[in-house]
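Each chain, written out:
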Amino acid sequence: MYPSFEFHLPTKIHFGYNKIKQLGNLPFKVKRAFIVTDKGVLNSGLIEHVTKILKDNRISYVVYDEVEPDPSVETVDKVAQVFQQEEGDALIAIGGGSPIDTAKGVRVIASNGGSIRDYAGVNLIKQASNIPLIAIPTTSGTGSEVTIFAVLSDCEENRKVTVTSPFVAPDISIVDPKMTMTAPPKITAASGFDAFAHGAETFVSRISQPASDVLALSAMSTVSRYLRRAVYNGEDVEARIKMAEASLLAGMAFNQSFLGLTHAIGSAVSGHAHVSHGVAIGLLLPGVIRYNSISLMDKYVEMASVFRDIDLSLPDWEITDQFIEEVTRLRDDVGLPQKLQQVGVKEEQLKAIANDSVKSGMWKFNPRRATEEEILGLLKQLF
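About the cut-offs
- Residues numbered from 1 in each chain as written.
- Predicted model: local features only at pLDDT ≥ 70, side-chain atom pairs only at ≥ 80, totals over all residues.
- Heavy atoms only, no water.
- Axes fitted to C-alpha atoms, helices over the stretch in contact; angles between N-to-C directions.
- Helix = DSSP H or I, 4+ residues; strand = E, 2+ residues; numbered from the N terminus.
- Parallel < 35°, antiparallel > 145°, perpendicular 65-115°, else oblique.
- Left-handed = near helix turned anticlockwise from the far one by under 90°.
- Contact = heavy atoms within 4.5 Å.
- Polar contact = N/O pair within 3.5 Å; in protein donor to acceptor, adjacent residues only side chain to side chain.
- Pairing = 2+ DSSP bridges.
- Buried < 20%, exposed > 50% of the residue type's maximum accessible area, 1.4 Å probe, protein only.
- Nonpolar A, V, L, I, M, F, W, Y, C, P; charged D, E, K, R; others polar.
- Expected span 1.5 Å × (residues − 1).
- Bend = angle between axes of the 7 residues up to and from the residue.
- Salt bridge = Lys/Arg side-chain N within 4 Å of Asp/Glu carboxyl O.
- Phe/Tyr/Trp six-rings, centres within 6.5 Å; stacked < 30°, edge-to-face > 60°.

Points about the packing of helix α8 (residues 261–273) against helix α9 (residues 277–293)
It is at 8 Å that the axes of α8 and α9 come closest, and there the two elements cross at 140°. Comparing the axis directions of α8 and α9 gives the class oblique. Note on packing geometry: the crossing formed by α8 with α9 is right-handed. Side by side, α8 and α9 meet where Leu261, Thr262, His263, Ile265, Gly266, Val269 and Ser270 of the first sit next to His277, Ala280, Ile281, Leu284, Leu285, Val288 and Tyr291 of the second.

Here's what the structure looks like:
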């Protein structure tokens, strides 16, 4: 039973094809926008959809396009300095999770001072910002456009750090699937599978709730049906729309109920071996589901309904086995790696990865309490 729960979504969402036009109808006055993005988005020409609207509305702007994948805390501090020098009165993040999380961090520093390192943890931000933040995702998967998290790389300590606070969430999210049409297959695959993992981990979280369960199941079902289409035909408008929807719903779900062991280990893998987040999640999710399933089989049986080919009349353990097979097949079909050594992880790094995994904030929400030794065993199986 669920005696009670809370659901809070700080972000106003505009969803739909060509919704980017909503940028010209903001509920606050903007004179000078500071755009945070990366070279890939800039070179794709997507940013021109945004700058044209700004020009048409007589809003000046400056573009910062040097955000790297898995941005570092140093990058966030640097961009915050540039933002303050440019005297912008609004932040617009265009891209995947990296530009959006960077912009989240920039706003925190601009309003609270210091370094973004000072706010790594839960609810360490003292005050909300009066600087509007608008997120415009160009990939479908991270959910960063609606979450209260900013995940950054600490290169000094080879780990990921997370800033968690309602004050981190964007004020407005414009989710326009048209902006995802140019995402290349590898990014589409990795980010899309990450959206599936968000749903899968949220659904079995120790703090799962009815609202997030519904969102998570819907997201997983949609990814299972449309991810392959989006990967192998990027011009499939319906598939792009449905994947943007799935990413958004999964982000809303884990915003409430958080994640689990896949993301705890995945962050450690990315921190130590610089493996992109979605790729790390793809490697880990099937094995973590098998590890977890014994502890919460009824919910994994319920999750199996997202795949239409699974026979739900079978015994629970067989349904769970089929579910793991279908998750693995989805991962393999979209071309994600299957072994840690394929992505440059060294065997001597496994122990440190396991050690950092149990330090992750997401570790404690996993339905089965994993020890460092058990995590090391999982990693060795995947090596």
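Here we look at the environment of Gln349
Its location among the elements puts Gln349 in the loop between α11 (316–333) and α12 (350–357). Separated by 77 residues in the primary sequence, Gln349 and His272 place their C-alpha atoms 7.2 Å from one another. What Gln349 contacts, discounting residues up to four positions off in sequence, is His272, Ala273 and Gly344. At 2.8 Å, the side chain of Gln349 forms a polar contact with the backbone nitrogen of Lys346.

As for the sheet that holds strand β1 (residues 12–15)
Taken in spatial order, the six strands line up as β1-β9-β6-β4-β2-β3 in an open sheet, and their pairing is parallel. Where the open sheet ends on each side, the last strands, each with one partner, are β1 and β3 (60–64). In this sheet, neighbouring strand axes are inclined to one another by 20° on average, regardless of whether the strands run parallel or antiparallel. Note: strand β2 (residues 32–36) against strand β4 (residues 90–95), four bridges, orientation parallel. Paired with Ala33 across the strands is Ala90, a residue of β4. The strands that helix α3 (residues 73–86) touches are β2, β3 and β4; relative to β2, the one it contacts most, it runs at about 160°. Its contacts with the sheet put helix α4 (residues 97–112) on β2, β4 and β6 (133–137), and the angle it makes with β4 is roughly 160°.

Here's the deal with the pairing of β4
A large share of β4 lies buried, amounting to six of its six residues. The two faces of β4 match: Ala90, Ile92 and Ile94 on one face and Leu91, Ala93 and Gly95 on the other face are all buried. Relative to β6, β4 runs parallel, the two sharing five bridges. Paired with Ile94 across the strands is Ile136, a residue of β6.

Focus on the packing of α9 against α11
Following both chains from N to C, one finds α9 and α11 inclined at 175°, their axes separated by 9 Å at the closest point. Considering their axes alone, α9 and α11 lie roughly antiparallel with respect to each other. Here Gly282, Leu283, Leu285, Pro286, Ile289, Arg290 and Ser293 of α9 come into contact with α11, specifically with Thr320, Asp321, Phe323, Ile324, Val327, Thr328 and Arg331. Counted by class, the contact of α9 with α11 contains seven nonpolar, four polar and three charged residues.

Comments concerning the side chain of Ser144
With respect to the element layout, Ser144 can be found in the loop between β6 and β7 (149–154). Owing to a relative accessible area of 4%, Ser144 belongs among the buried residues under this scheme. Setting aside residues no more than four positions away along its own chain, Ser144 makes contact with Gly97, Ile100, Asp101, Lys104 and Pro170.

Comments concerning helix α7 (residues 237–257)
Across its 21 residues, α7 extends 30 Å between first and last C-alpha, which sits within 8% of the 30 Å expected from 1.5 Å per residue. Near the N-terminus of α7, the side chain that reaches the backbone nitrogen of Glu238, with its oxygen 3.3 Å away, is that of Asp236. Immediately downstream of α7, the backbone of Phe258 shows phi near 65°, a positive value.

Here's the deal with α9
Its 17 residues place the ends of α9 23 Å apart at the C-alpha level, agreeing with the 24 Å of an ideal helix rising 1.5 Å per residue. At Leu284, α9 shows its largest bend, some 40°, and a proline, Pro286, comes one to four positions later.

What about the environment of Glu156?
Along the polypeptide, Glu156 turns up in the loop between β7 and β8 (159–164). Taking the C-alpha atoms as reference points, Glu156 and Val73, separated by 83 residues in sequence, lie 9.7 Å from one another. Apart from residues no more than four positions distant in its own chain, Glu156 is found in contact with Glu74 and Arg117.

A few points about the pairing of β2
Burial of β2 is extensive: four of the five residues sit out of reach of the surface. In terms of strand pairing, β2 meets β3 through five bridges, oriented parallel. In the sheet register, Ala33 faces β3, and the bridge partner there is Tyr61.

Here we look at the pattern of salt bridges
Following the criterion strictly, the structure yields 21 salt bridges and no others. Its salt-bridge partner being Arg290, residue Asp321 comes within 3.3 Å of it at the nearest N-O pair. Placement of the pair is Asp321 in helix α11 and Arg290 in helix α9, with a sequence separation of 31 residues. Judged by relative accessible area, Asp321 falls into the partly exposed class, the value being 25%. The residue Arg368 makes a salt bridge to Glu374 at a minimum N-O spacing of 3.9 Å. Salt bridges here are not isolated pairs; linked through shared partners, they connect Glu74, Arg117, Asp154 and Glu156.

Observations concerning the packing of aromatic side chains
As enumerated under the stated definition, the model contains nine aromatic pairs in all. Seen from their ring centres, Tyr300 and Phe323 are 6.4 Å apart, and the 45° between their planes marks the pair as tilted. Residue Tyr300 is found in helix α10 (residues 297–303), and its partner Phe323 is found in helix α11; the two are separated by 23 residues along the sequence. Taking the relative accessible area as the measure of exposure, Tyr300 reaches 2% and is therefore buried. Look at Phe307 and Phe323: their rings are 5.9 Å apart centre to centre, the planes differ by 55°, and that puts the pair in the tilted class. Of the two residues, Phe307 sits in the loop between α10 and α11 while Phe323 sits in helix α11, which places them 16 residues apart along the sequence. The same class applies to Phe307 as to Phe323, namely buried. Clustering of aromatic rings is evident, with ring pairs tying together Phe193, Phe196, Tyr300, Phe307 and Phe323.

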